[in-house]
Amino acid sequence: ADLEARASGEPEPLPGPTRIELIVRLTRFEGEIRWDPSKPDGQPRRALDTSRAREGFGFAAGTSFEVGLGREIDWYERAAG
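So, how was this worked out
- Residues numbered from 1 in each chain as written.
- Predicted model: local features only at pLDDT ≥ 70, side-chain atom pairs only at ≥ 80, totals over all residues.
- Heavy atoms only, no water.
- Salt bridge = Lys/Arg side-chain N within 4 Å of Asp/Glu carboxyl O.
- Helix = DSSP H or I, 4+ residues; strand = E, 2+ residues; numbered from the N terminus.
- Buried < 20%, exposed > 50% of the residue type's maximum accessible area, 1.4 Å probe, protein only.
- pLDDT = per-residue confidence, 0-100.
- Contact = heavy atoms within 4.5 Å.

**Concerning the pattern of salt bridges**
Two side chains carrying opposite charge are able to pair once their charged atoms lie near each other. Across all of its chains, the model carries 2 salt bridges by this definition. Notably, a salt bridge pairs Glu66 with Arg25, separated by 2.5 Å at the nearest N-O pair. Within this pair, whereas Glu66 is found in helix 3 (residues 65–80), its partner Arg25 is found in helix 1 (residues 16–27), the two being separated by 41 residues in sequence. Glu66 sits in the partly exposed class, given a relative accessible area of 34%. Assessed through its relative accessible area of 49%, Arg25 is described here as partly exposed.

**Focus: the confidence of the model for the chain**
Where the model shows low pLDDT, its predicted coordinates should not be examined in detail. Taken over all residues, the pLDDT of the chain has a mean of 78, while the share at 70 or more is 70%. The least confident element of the chain is helix 2 (residues 51–57), whose mean pLDDT is 82; the most confident is helix 3, at 93. In the predicted structure, residues 1–8 sits below a pLDDT of 50 and forms 17 contacts with residues beyond four places in sequence or in another chain.

In structure tokens:
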């Protein structure tokens, strides 16, 4: 089986809670997520700038973050057995 998975960056940042909700859905997690409102709400929003890669050697991301993350999770689950 091909166990190679790749994810690529997206130009728009994804807020922390949205990332967690995505991971919960893709991993089929059925537990409870409890947010602690007394704690910071995550890292500052960041976005990957791929313009230099596109200009330098023609790279353009062909995989969305969600699809790439799903593939990575699938790979991990198969590899972990």
